[in-house]
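# What the coordinates show
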Amino acid sequence: VAFTVSLYQLSKSLSLPFLPFYAWTGLWTSGMLFVSSLVSASNVSKYITRFTDEIFNVLLSVLFIFDAIFDVSRPFVASNASMYPPTKSLLSLVCASITFGTATTLKVMNRRSYFTKSIRGNLQNFAPALGVLTGSLVAKSAVKRYGLVAASLPSLSLPSKFATTSGRAWLIPLFDCPVWARWGAALPALLCTVLLFLTQNITARLVNNPKNQMKKGRSNDKDSVLDGMHGDMLILSILTGLTSIIGLPWMAAATTRSGAHVRSLSKNEDVNDIDKITGMMENRISPLGIHMLIGACAIFQFPRMLLSQVPLPILSGVLLYLGFSSLQGLELWDRIRGLFQDSTKKQYRWSIIERKPPTTTITGRKTSNDVRNFTIVQMVCVAVMMRVTKSSLGVISPFILGFLPILRTGLLRAKIFSPESMETLDGERADDTSPSSSTTITPTTTP
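Residues numbered from 1 in each chain as written. Predicted model: local features only at pLDDT ≥ 70, side-chain atom pairs only at ≥ 80, totals over all residues. Heavy atoms only, no water.

## Structural notes on the overall build of the protein
Check the secondary structure of the protein and you find 19 helices and two strands. Taking all 447 residues of the protein together, the buried fraction comes to 41%. Considering only residue pairs separated by 6 or more positions, the protein has 74% of its internal contacts joining residues 24 or more positions apart. For the protein, the exposed area adds up to about 24100 Å²; of that, 66% sits on carbon and sulfur atoms. (Helix = DSSP H or I, 4+ residues; strand = E, 2+ residues; numbered from the N terminus. Buried < 20%, exposed > 50% of the residue type's maximum accessible area, 1.4 Å probe, protein only. Contact = heavy atoms within 4.5 Å. Areas by Shrake-Rupley, 256 points an atom, 1.4 Å probe, with all protein chains shown as cover.)

Below is the structure:
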């Protein structure tokens, strides 16, 4: 979205028609992605490590949380009291909180002793949907009790029929764009290619991670995260070209939703007080069903009518839930929380570094500070990318994302972290769930 907004501002400043310029940018992007799929450019993903993955994933989660909190708090700080009266502002907060609280509580029902195992499993599987239902019932009850004037909340605004928003023709008039702009569109297309390429491959790495215990469609190398990437890039290039010539938003990997889908299909058990994935219910039915429902909402009127009844604060609660739930299982998030915990109590695979006696290396670095310093570096990267993404310079955020692997190499070259500590903190081992699995990795020390 940030890139599209930046592209619109660029076309406006150049006095160019937006949709034709958008279409040419998309066609250039489609061509670049097509070439990258033919030359197996996704192989560079093996140089992307957990360092980049987790910064990107935490960034997306923080953006979800930020947008949800901003939308809920906006009525409280609005200057127009007639548009946002205090009662509606409070009701918005209550509905969003109930949606978030219900979904979050039901998501961990498998750890409770209430009801039977089957009921707990169903409540956990449908936690977000039940959260939306509960929040919507509260909003409807408030309207019934206090009337539309006092308690009606804004809801989704959806078109009444399947058509373009402005009523334009489906095909974009490509030749309305001057010749120089058609060639010049290759420059923003390069940025768009980097964004789609990295987003797609990082999301594929997240899904293909060996810790998810997936079996189907995998190569002989069970630890590989490259399976299917080149074919995915080919399909993405074709879809990008098609959506460009009809003016639809470009397809992009849904990192947060993909992670949530994988977690919903996982089989977990507690190992040393850490939730470890022991298996995965791999199937084609659930992703097919998801996209069929999305398509039904776009084409048919009845699903759109149902969605239009959902108040916007309910969706803010869902975004908040997705943001917080996506943080779970990320080592960066665990280490951020670990900054405020007793290091001797933590049972994570990097704890061996913290439990070592604080010794000084040749470079003068305290090895016991490696975990803290590594975490702070990643937090700074998240903050910088958050600031850039939300600014007018959001169009360059793909380059910052692509710079992260170079930054990691620079940290090693500058000897800010030893190779051993970096391997422990940023390694790709999927089975490390306790300190015992990391005892063979020790920081560099001086006798």
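Having seen it, we continue.
## Notes on the packing of aromatic side chains
Enumeration over the complete set of coordinates arrives at nine aromatic pairs. On the basis of an interplanar angle of 35° and a centroid distance of 5.6 Å, the ring pair of Phe-162 and Trp-170 is categorised as tilted. Classification of Trp-170 by relative accessible area gives partly exposed; the value is 37%. Relative to Phe-417, the ring of Phe-374 lies with its centre 5.5 Å away and its plane at 85°, an arrangement referred to as edge-to-face. You can see Phe-374 sitting in helix α17 (residues 370-389) and its partner Phe-417 sitting in the loop between α18 (397-413) and α19 (419-426), a full 43 residues away along the chain. (Phe/Tyr/Trp six-rings, centres within 6.5 Å; stacked < 30°, edge-to-face > 60°.)

## Notes on the environment of Gln-9
Mapped onto the elements, Gln-9 comes out in helix α1 (residues 2-13). Judged by its relative accessible area of 43%, Gln-9 is partly exposed.

## Quick word on the environment of Ile-238
For Ile-238, the position within the fold is in helix α10 (residues 229-245). Note: C-alpha distance between Ile-238 and Ser-30 (208 residues apart in sequence) is 6.5 Å.

## Observations regarding the packing of α17 against α18
Across the interface, α17 lies against α18 with an axial gap of 11 Å and an inter-helix angle of 165°. One way to sum up the angle between α17 and α18 is to call them roughly antiparallel. For α17 against α18, the interelement crossing comes out right-handed. Two secondary-structure elements touch here, α17 through Val-377, Cys-381, Met-385, Val-388 and Thr-389 and α18 through Ser-397, Ile-400, Leu-401, Leu-404, Leu-407 and Leu-411. Here the residues of the contact of α17 with α18 are counted per class, giving nine nonpolar, two polar and no charged. (Axes fitted to C-alpha atoms, helices over the stretch in contact; angles between N-to-C directions. Parallel < 35°, antiparallel > 145°, perpendicular 65-115°, else oblique. Left-handed = near helix turned anticlockwise from the far one by under 90°. Nonpolar A, V, L, I, M, F, W, Y, C, P; charged D, E, K, R; others polar.)

## Considering a nonpolar patch on the surface
Nonpolar side chains collect at one region of the surface, where Phe-34, Val-35, Leu-38, Val-39, Leu-234, Ile-235, Ile-238, Leu-239, Leu-242 and Met-251 lie side by side and expose about 870 Å² of accessible area between them. Residue position: Met-251 is located in the loop between α10 and α11 (255-264). Met-251 sits in the partly exposed class, given a relative accessible area of 41%. (Patch = residues over 30% accessible without salt bridge, like charges linked within 9 Å, V, L, I, M, F, W, Y side chains within 5 Å. Salt bridge = Lys/Arg side-chain N within 4 Å of Asp/Glu carboxyl O.)

## Notes on the packing of helix α3 (residues 50-77) against α17
For the pair α3 and α17, interaxial distance at closest approach is 9 Å and the crossing angle is 50°. Considering their axes alone, α3 and α17 lie oblique with respect to each other. As α3 runs across α17, the sense of the crossing is right-handed. Along the contact surface, α3 presents Arg-50, Phe-51, Glu-54, Ile-55, Val-58, Leu-59, Val-62, Leu-63 and Phe-66, while α17 presents Phe-374, Val-377, Gln-378, Cys-381, Val-382, Met-385, Met-386 and Thr-389.

## Some remarks on the nonpolar core
Counting 49 residues, the largest nonpolar core has Phe-21, Phe-51, Ile-55, Leu-401 and Leu-404 as its most contacted members. Considering every element that reaches this core, the biggest residue donor is α3, with nine residues. What Leu-401 contacts, discounting residues up to four positions off in sequence, is Thr-52, Phe-56, Leu-198, Ile-202 and Met-385. (Core = buried A, V, L, I, M, F, W, Y, C linked by side-chain atoms within 4.5 Å.)

## A word on α3
If you check α3, its first and last C-alpha atoms are 39 Å apart, about what 28 residues at 1.5 Å a residue would give, namely 40 Å. Maximum bend of α3: about 30°, positioned at Asp-71, with proline Pro-75 one to four residues after it. (Expected span 1.5 Å × (residues − 1). Bend = angle between axes of the 7 residues up to and from the residue.)

## Some thoughts on the side chain of Thr-203
Inspection of the secondary structure assignment puts Thr-203 in helix α9 (residues 186-208). Beyond its immediate sequence surroundings of up to four residues, Thr-203 is in contact with Ala-253, Ala-254, Thr-255 and Ser-258.

## Some words on the side chain of Arg-304
Relative to the elements of secondary structure, Arg-304 occurs in helix α13 (residues 301-307). Among buried charged residues, Arg-304 stands out as having no salt bridge; its nearest opposite-charge side chain is Asp-71, 21 Å away. Among the polar contacts made by the side chain of Arg-304, one reaches the main-chain carbonyl oxygen of Ala-298 at a distance of 2.9 Å. Apart from the residues lying within four places of it in its own chain, the contact partners of Arg-304 are Leu-158, Pro-159, Ser-160, Lys-161, Phe-162, Cys-297, Ala-298 and Ile-299. (Lys, Arg positive; Asp, Glu negative; His and termini not counted. Polar contact = N/O pair within 3.5 Å; in protein donor to acceptor, adjacent residues only side chain to side chain.)

## Topic: the pattern of salt bridges
Under the counting rule described, the total for this entry stands at five salt bridges. In this structure, the salt-bridge partner of Glu-331 is Arg-50, at a minimum N-O distance of 3.5 Å. In this pair, Glu-331 is assigned in helix α15 (residues 331-338) and Arg-50 in helix α3, connecting sequence segments 281 residues apart. Take Glu-331: its relative accessible area is 10%, and that puts it in the buried class. Ionic pairing is found between Arg-337 and Asp-334, a salt bridge with its closest N-O pair at 2.7 Å. Linking Arg-337 with Asp-334, this pair stays in helix α15, spanning three residues, or about one helical turn. You can call Arg-337 partly exposed: its relative accessible area is 33%. Overall, Asp-334 belongs to the buried group, its relative accessible area being 11%.

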